[in-house]
Every structure is written in C-alpha cells, then in structure tokens.
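Residues per chain are reported as follows:
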Amino acid sequence: MRPKEPLTTTTDDLFRARLSNIINPRHELVRLAQMIDWRMFETAFGPLYAEVGRPGLPTRLMVGLHLLKHVFNLSDEVVCARWVENPYYQHFCGFDYFQHELPVDRSSMTRWRQRIGPGGMEVLLKATIAAGLDGGVVAPKELERVTVDTTVQPKAVAHPSDARLYHRGREILVRLAAKHGLVLRQSYARLGKRVLRKAGAYLHTRQTNRAKREIKRLKTFLGRVTRDIRRKLAGDAALTSHFARALALVDRLLAQQRHDTGKLYSLHAPEVECLAKGKAHKKYEFGVKVSVAVTNRSGFVLGMMALPGNPYDGHTLDGAARQVERLTGTPIARLYVDRGYRGHNDRRKDRVFLSGQRRGLTPTIRKELRRRSAIEPAIGHMKSDGRLGRNYLLGTLGDAINAILAGVGYNLRLILNWLRALFALIVTALLRIELPQTQTSAIASR
C-alpha cells in the first residue's frame, strides 16, 4: 500500500514544543530542507507500491535518512542512531515534534533501496540538481558543458588470494553441511587453519615453492569436501537446492587458472571485477567501473552510472551523456574527456573534446578543456568524504545504487558549503554596516 502522507498539525501540543521553535531556523539543514522538492519523491515512488496491504513507510523519512547517510558518510546503523538524538535530522525528515524512537527498523532502509532501485535513486540525484539550480549553486548554462570520466568503486572484500579463497570456500561448505545435518567424513577445520597460516608465513619470507605446496593442500581439502557433499546429496533434490549456489561458486573457483578472464575474486560478492587503472600506489582495484559526469565549471555532479563488465571508456560515453540529458533536461553542447575515450561512441562527434586536442579549439573551449582535470579531485572527495571509496551494498544492484547515492551526497555537501559561505558573507556585510554607526555614535558622545 502507498505510504501515508505525513500529518502536519496546525495546532500546538500543550505538552510538547515544536521543533521549529527550538532549533535555529538559519541552520544549514533547515535551509537545505526548504530547497528540496519533497513532493517529487512521493509522485515518483507512489506507483512502486501496491494498492492494498499495510501502508508503506513515509517517503520523506526514507529519502531523508538516505540523504543524511551519504552527506555525512554514515552507515545505516549510525544514521538511525543519530536521527533519534538530533532534532535537525528529524526536522529534515519532516517531523513537527521531537521523536524519542525511530519509527522504522534499520533493515527497512535495505528493503526500501531494493524496492526503489537505481532508477528511483536517479530521482534523488535529479532533486539535488534542481536544488542546486534553485539555490544558485550551479548556473543553468553550466549544464551544457560537461566533463566525463571513469573511476573504480571498490567493493568491501578482502584482497583476493588463492589460499584465502580455498579456505573460505571450505568453511562455507562445512557450515552449510552442519546447518542441514550432513555428516562429513572430515571437515579439515583444524588442518585448514594451520595450512593457511603456514602458506602466509612462507609467502612473507618469500619461500615460494613451500607456499605453493601449502596452497595446493588447501585446494585439495576444498575438493575433498566438495566431493563428499556431492555424494551425500545424490538423489535428494530438496537438499541439493540449498547447496546449489555454493557448489557452483566452488566449482568455478577450483576450475579457474591464473591467466583466465572473469575470475572469481570473492565468494560473497562474485560480481567483483579486477580493474587496472594505472595507479602507481595501487595497481589493481577490485570492484566495478563507474562513470562520473560533472559540470565543467563548478564540478556539480550531473550523472553517476555503474558499468559492470569493465567496458572500454569510449563505449560508455553515449550512455553517460544520455543520462545527463535525462536528469537535467538540457542538451549537452560540449563534452570534455581524457584520452581514454578515443574511439568513443557518442552520437555527436563534434561536441566531444579530448584532453591534449589542439585543432579546432576556440579560446573558450581551450580554457574549459584545461579544467577537465578538475573532475579528479571531485572523484577523490566522493571517495574520501562519501561512500564511493568502499561499497558495502550487496550485488550488482548495490553497485548501481551506491554509485548514484555517492553523487547525491557530493552535491548536497556542495550545497551545504555554499549555504555556510553565503551565511558568513551576510554576517560580515551586516557587521560592516553596524561598525561605522557604532564608531560615529562613540565620537559624538565624546
């Protein structure tokens, strides 16, 4: 059933004070809440709910929790805990009176993200763009000049190694067998830990041959447990379904070789890919490629898109441009990219300008092309200040959702910084006006 609209009471409560009476109306979160069009979310997300059943969670509350989470780089648990003790958070989420308990469970945020999906998260990004335009943070003309680049969104997985993967695969199978009552001939729980520790010690001291021998023993343990489980599952279709996914992943792990493509790097996140971006301090990153589109002048995020499969950068440019035009409603006049986009698939070849290009450039285009590299610190801030640096959401759906929400959080931080600077500028101007009057009255009194 569709969520009920929040009740707005016009009369005061005798025993409770309104939040608007006890908080600072000039606070940045109060002013940010006034800049966001909250009705947009209720209109966009309403069709995703059934017409019968239990009423859904308040839309503004769920949207507000996700915005606060990605603005301040918090987890689901922490943002829910701070919401209870922070009146500004509660006012931002549309409550009139202070609440002593969160009206939703923490796990409701996970289920809400799954219901909304990446398409719904684009509505949040569109709302931040509209708030930036209304507040003057970004000018409408800037939407025509866009810089596009790609980066890696690392997944929350341990650094993959054969020894660790073999050991982890055996632990998963043994745990499943114990859960469903399968008695194994041998679990290798004690021997597996010992061999894993010896393999790590040999690798640390660069005794490669000894380390390879221990890693081979771990693979042997995993193979024996796998075959033992398959023998005991023979003829039991109901029990086989519980082991199907784990056995498929283990078979894929046992069959892969060193130089294979599409290898398995994590058992709990099999969608993880190995990406090499040419960084000196980090040769390989494990996650998913993400396309980032920002305004050329102010660095305001206009588009974020997860790109599973590690496609060539040039083949992703047209999709990134279409997403920006869909969210902003403004056709792009100029696209600035780096040399990794040579051979791109954009519909209009004449609007794309590559870094290092020298022919056919006006002084304005040349100046804007020099600002192409300004997207790098924007990506860096999304990774260090936001949640683009490590994705904790599950599956490819979580990759797409987290990428878009990272852009949402970055835009809101820009708006908050602009509100702080604007407030400081107004206060400084008022002090300059009052100061001469005070000096004049002091001189007159003398």
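Residues numbered from 1 in each chain as written. Predicted model: local features only at pLDDT ≥ 70, side-chain atom pairs only at ≥ 80, totals over all residues. Heavy atoms only, no water.

Some points on unusual backbone geometry
Then, in step 1: The backbone of Tyr188 shows a phi angle near 60°, a positive value even though the residue is not glycine.
Then, in step 2: Owing to a relative accessible area of 9%, Tyr188 belongs among the buried residues under this scheme.
Then, in step 3: The phi angle at Arg206 is positive, at roughly 65°, despite the residue not being glycine.
Then, in step 4: Among the structural elements, Arg206 can be located in the loop between α9 (189-204) and α10 (208-233).
Then, in step 5: Assessed through its relative accessible area of 75%, Arg206 is described here as exposed. (Buried < 20%, exposed > 50% of the residue type's maximum accessible area, 1.4 Å probe, protein only. Helix = DSSP H or I, 4+ residues; strand = E, 2+ residues; numbered from the N terminus.)

Structural notes on the pairing of strand β3 (residues 285-295)
Then, in step 1: Within β3, 11 of the 11 residues are buried, which leaves it mostly tucked inside the rest of the structure.
Then, in step 2: Pairing geometry for strand β1 (residues 145-154) and β3, over nine bridges, is antiparallel. Note on β3: the bridge partner recorded for Thr147 is Val294.
Then, in step 3: Relative to β3, strand β2 (residues 273-275) is paired through three bridges, and the arrangement is antiparallel. Paired with Glu273 across the strands is Gly287, a residue of β3.
Then, in step 4: By the bridge criterion, six bridges tie β3 to strand β4 (residues 301-307) in an arrangement that is antiparallel. The residue bridging Ser291 from the neighbouring strand is Met305, located in β4. (Pairing = 2+ DSSP bridges.)

Some thoughts on the pairing of strand β5 (residues 334-337)
Then, in step 1: With burial as the criterion, each face of β5 is covered, one bearing Arg334 and Tyr336 and the other bearing Leu335 and Val337.
Then, in step 2: Here three bridges tie β1 to β5, and the two strands are oriented parallel to one another. Directly across from Arg145, in β5, lies its bridge partner Arg334.
Then, in step 3: As paired strands, β5 and strand β6 (residues 352-354) are joined by three bridges and run parallel to one another. Residue pairing for β6: Tyr336 is matched across the bridge by Phe353.

Notes on the environment of Ala238
Then, in step 1: Looking at the element boundaries, Ala238 is found in helix α11 (residues 237-255).
Then, in step 2: Sequence separation between Ala238 and Cys274 is 36 residues, and the spatial gap between their C-alpha atoms is 35 Å.

Considerations on the environment of Arg210
Then, in step 1: Here Arg210 is to be found in helix α10.
Then, in step 2: Sequence-wise, Arg210 and Asp313 are 103 residues apart; in three dimensions their C-alpha atoms are separated by 41 Å.
Then, in step 3: Among the polar contacts made by the side chain of Arg210, one reaches the side chain of Gln207 at a distance of 2.8 Å. (Polar contact = N/O pair within 3.5 Å; in protein donor to acceptor, adjacent residues only side chain to side chain.)

A short note on the packing of aromatic side chains
Then, in step 1: Going through the model one piece at a time under the given rule, you end up with nine aromatic pairs.
Then, in step 2: Centroid distance Phe41 to Phe45: 6.2 Å. Interplanar angle 20°. Geometry classified as stacked. A residue pair is termed a helical-turn pair when its members lie 3 or 4 positions apart in one helix, as Phe41 and Phe45 do in helix α3 (residues 39-45) at four residues. The same class applies to Phe41 and to Phe45, which are both buried.
Then, in step 3: Among the aromatic residues, those joined into a ring-pair cluster are Trp38, Phe41, Phe45, Phe92 and Trp112. (Phe/Tyr/Trp six-rings, centres within 6.5 Å; stacked < 30°, edge-to-face > 60°.)

Considerations on the pattern of salt bridges
Should their charged atoms come close, side chains of opposite charge can pair.
Then, in step 1: If you walk through the whole model with that rule in mind, you get 26 salt bridges.
Then, in step 2: For Arg39, the salt bridge is made with Glu42, and the minimal N-O distance between the two is 3.4 Å. Taken as a pair, Arg39 and Glu42 lie in helix α3 at a separation of three residues, close to a single helical turn.
Then, in step 3: With a shortest N-O distance of 2.9 Å, Lys289 and Asp313 are connected by a salt bridge. (Salt bridge = Lys/Arg side-chain N within 4 Å of Asp/Glu carboxyl O.)

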